[in-house]
Amino acid sequence: MALNWGPVLMSVVLFIILTPGVLFQFPGKTKVVEFGGFQTSGAAIVLHSLIFFACITVSLIALHIHIYAS
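For every chain, the first residue of the written sequence is number 1, and numbering continues from 1 along that sequence. The predicted nature of this model means local features are confined to residues of pLDDT at least 70 and side-chain atom pairs, given and counted, to a pLDDT of 80 or more, with totals for whole chains, interfaces and linings taken over all residues. The basis for every side-chain value is the complete set of non-hydrogen atoms in the structure, without hydrogens or water.

With respect to helix H2 (residues 42-62)
One turn of the α-helix equals 3.6 residues, which is why residues spaced by three or four share an orientation. Stated precisely, the cut-off is as follows: Runs of H or I in DSSP of at least four residues are treated as helices and runs of E of at least two as strands, each being numbered from the N terminus. Each helix should span, by expectation, one fewer than its residue count multiplied by 1.5 Å. For the exposure calls, accessible area comes from a 1.4 Å probe over protein chains only, and a residue counts as buried if that area is under 20% of its type's maximum, exposed if over 50%, partly exposed in between. Taking the helix axis as origin, the arc is that swept by the directions to the C-beta atoms. In what follows, a contact means two residues having at least one pair of non-hydrogen atoms within 4.5 Å.
Compared with the 30 Å implied by 1.5 Å per residue over 21 residues, the 29 Å span of H2 between its first and last C-alpha is a close match. For H2, the set of buried residues is Ala44, His48, Ile56 and Ser59. Across the axial projection of H2, the buried residues extend over an arc of 85°, all falling on one side. Turned more than 90 degrees away from the buried face of H2, the exposed residues are Leu50, Phe53, Ile61 and Ala62. Those residues of H2 that are buried are in contact with helix H1 (6-18) and strand S2 (24-25). Residue histidine 64 follows H2 closely and has a positive phi angle near 55°.

Some remarks on the side chain of glutamate 34
Note the following rule: Counting rule applied: Lys, Arg positive; Asp, Glu negative; His and chain ends not counted. We define a salt bridge as a side-chain nitrogen of Lys or Arg found within 4 Å of a carboxyl oxygen belonging to Asp or Glu. Polar contacts, as used here, are pairs of N or O atoms within 3.5 Å; protein pairs need one atom able to donate a hydrogen and one able to accept it. Residues neighboring in sequence count only if both atoms are side-chain atoms.
For glutamate 34, the location among the structural elements is in strand S3 (residues 34-35). Although glutamate 34 is buried, it forms no salt bridge, and the closest oppositely charged side chain is lysine 31 at an N-O distance of 6.7 Å. Looking at glutamate 34, its side chain comes within polar contact range of the main-chain nitrogen of lysine 29, at 3.3 Å. Contact partners of glutamate 34, with chain neighbours within four places excluded, come to Leu23, Phe24, Gln25, Gly28 and Lys29.

A closer look at the side chain of glutamine 25
The topology assignment puts glutamine 25 in strand S2. Taking relative accessible area as the criterion, glutamine 25 reaches 2% and is therefore assigned buried. Only 3.2 Å separates the side chain of glutamine 25 from the backbone oxygen of proline 27, close enough to count as a polar contact. Among all residues touching glutamine 25, those that are not within four sequence positions of it are Val32, Val33, Glu34, Gln39, Thr40, Ser41, Ala44 and His48.

Observations regarding H1
Taking 1.5 Å as the rise per residue, H1 with 13 residues should run 18 Å; its terminal C-alpha atoms sit 18 Å apart, in good agreement. Looking at the buried positions of H1, the neighbouring elements they touch are strand S1 (3-4), S2 and H2.

Describing the environment of lysine 29
Secondary-structure assignment places lysine 29 in the loop between S2 and S3. For the pair lysine 29 and tryptophan 5, spaced 24 residues apart in the sequence, the C-alpha separation amounts to 36 Å. Filtering out sequence-adjacent residues up to four positions away, lysine 29 remains in contact with Glu34, Gln39 and Thr40. In this structure the side chain of lysine 29 is engaged in a polar contact, spanning 3.4 Å, whose partner is the backbone oxygen of threonine 40.

Structural data, given as C-alpha cells:
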C-alpha cells in the first residue's frame, strides 16, 4: 500500500514559506510588506493563515498533487 506524501510535503513547504516574519510579513508593522523582519502581529498571523489555507486547498483539491511512496 503506497502512502500519499503530497499533502505532507506541500504543508511543510507552505508553512516554511508563509510563516509571518521569516521571509516576508504582510501587513508589516511600518510598511505594507516587510522582508526578513523576524517580527509579527496578530493581523499578519490571520492573513498568512488564510493565504496558507487557500494555497493548500488549491494545490490538493484543484491541482491533485500526489506523491506516492511505498
